[in-house]
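# A structural walkthrough
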Amino acid sequence: DAGITQSPRHKVTETGTPVTLRCHQTENHRYMYWYRQDPGHGLRLIHYSYGVKDTDKGEVSDGYSVSRSKTEDFLLTLESATSSQTSVYFCAISKFGQGNTEAFFGQGTRLTVV
Amino acid sequence: DQQVKQNSPSLSVQEGRISILNCDYTNSMFDYFLWYKKYPAEGPTFLISISSIKDKNEDGRFTVFLNKSAKHLSLHIVPSQPGDSAVYFCAASAAGTASKLTFGTGTRLQVTL
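To start, this report covers the structure provided alongside it. (Residues numbered from 1 in each chain as written. Chains lettered and ligands numbered in written order. Predicted model: local features only at pLDDT ≥ 70, side-chain atom pairs only at ≥ 80, totals over all residues. Heavy atoms only, no water.)

Turning next to the overall build of chain A. When its secondary structure is counted, chain A shows zero helices and 11 strands. For chain A, the succession of helices and strands along the chain, N to C, is β-β-β-β-β-β-β-β-β-β-β. Since a compact globule built from 114 residues should have a radius of gyration of about 13 Å, the 13 Å found for chain A is in line with a globular shape. Dimensions of chain A, computed from C-alpha atoms along their principal axes, come out at roughly 40 × 30 × 25 Å. In chain A, which comprises 114 residues, the share counted as buried stands at 50%. About 5400 Å² of surface is accessible on chain A, with carbon and sulfur atoms providing 46% of the total. Within chain A, the 12 negative side-chain charges are centred at a point lying 2 Å from the centre of the 12 positive side-chain charges. (Helix = DSSP H or I, 4+ residues; strand = E, 2+ residues; numbered from the N terminus. Rg over C-alpha atoms; globule rule 2.2 N^0.38 Å. Buried < 20%, exposed > 50% of the residue type's maximum accessible area, 1.4 Å probe, protein only. Areas by Shrake-Rupley, 256 points an atom, 1.4 Å probe, with all protein chains shown as cover. Lys, Arg positive; Asp, Glu negative; His and termini not counted. Charge placed at Lys NZ, Arg CZ, Asp CG, Glu CD.)

Before going further, it helps to examine the state of the cysteines. Residues and elements named next belong to chain A. By the definition in use, this model includes two disulfides over all chains. The partner cysteine of C23 in its disulfide is C91, sulfur to sulfur 1.9 Å. On the sign convention where negative means left-handed, the S-S torsion of about -70° between C23 and C91 marks this disulfide as left-handed. One end of the pair, C23, is in strand β3 (residues 19-25); the other, C91, is in strand β9 (residues 87-94), with 68 residues separating them in the sequence. On the basis of relative accessibility, which here comes to 0%, the residue C91 falls in the buried class. (Disulfide = S-S within 2.5 Å.)

Before going further, it helps to spend a moment on unusual backbone geometry. That bond from S7 of chain A to P8 of chain A is cis: its omega, -10°, falls within 30 degrees of zero. With respect to the helices, strands and loops of the structure, P8 of chain A is situated in the loop between β1 (4-7) and β2 (10-13). A cis amide bond, omega -10°, links V78 of chain B with the succeeding residue P79 of chain B. With respect to the helices and strands, the residue P79 of chain B is situated in the loop between β8 (72-77) and β9 (86-94). Even without glycine at this site, N28 of chain A takes up a positive phi of about 60°. Mapped onto the elements of the fold, N28 of chain A is located in the loop between β3 and β4 (31-38).

What follows covers the environment of F96 of chain A. Here F96 of chain A lies in the loop between β9 and β10 (104-105). With relative accessibility at 41%, the residue F96 of chain A sits in the partly exposed group. Sequence-wise, F96 of chain A and H29 of chain A are 67 residues apart; in three dimensions their C-alpha atoms are separated by 7.7 Å. Contacts of F96 of chain A, omitting those with residues within four sequence positions, involve Y31 and T101 of chain A together with S99 of chain B. (Contact = heavy atoms within 4.5 Å.)

Residue and element names in this part refer to chain A. Taking strand neighbours across the sheet as the criterion, the four strands line up as β1-β3-β8-β7 in an open arrangement whose pairing is antiparallel. Strands at the two margins of the open sheet, each flanked by one partner only, are β1 and β7 (64-70). Recorded for the sheet is a direction-independent mean angle of 20° between the axes of neighbouring strands. One ladder, built from six bridges, connects β3 with strand β8 (residues 73-78); its direction is antiparallel. Bridge pairing in β8 places R22 opposite L75. (Pairing = 2+ DSSP bridges. Axes fitted to C-alpha atoms, helices over the stretch in contact; angles between N-to-C directions.)

What follows is the structure, given as structure tokens:
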């Protein structure tokens, strides 16, 4: 198993509160990603990182920000959580960025915004 | 705009028979295709991949076929086993895009005894 740890695994939060999800890897991979999974949509990319302090937006980035101050950690922040952000969030890592390589996923964080 | 489509939400197959999961894509820039398997409450697990320079890739019981002209790929599982029951996601990426993946909506495979 790829060394990817997501925390917390489950969280319930109130609308309007800030939330930070953490992804920690022990593989020293350069590329890290945050995806969300929702019924009928598969997994969709929120943000990704191609190095320390290098991040970019994905398909569904509105309402989310990320930070990567160390190779091993990639944080996803919901500045002011909304009910539409209730989802399962997956972190992924990839060794290369050319496209012809697989990504490995963490076990997910189930976030409920009430 | 769904660039990767899995039109069958579910599939039921008897143990020992072949399972065929299908995937279509619309973006001609995609050149690498992957299949992931997902159990409930777990993250997706990489299963098998294929580059656009190939039309077939095999790994044990799993074979992926790619038809570029039709923008279609399929995953064959032979023989199917009860432990194969899971949701299968097709994903695609394009060269030079930081290995970002575009996923289909998934097909739930149930292998019955």
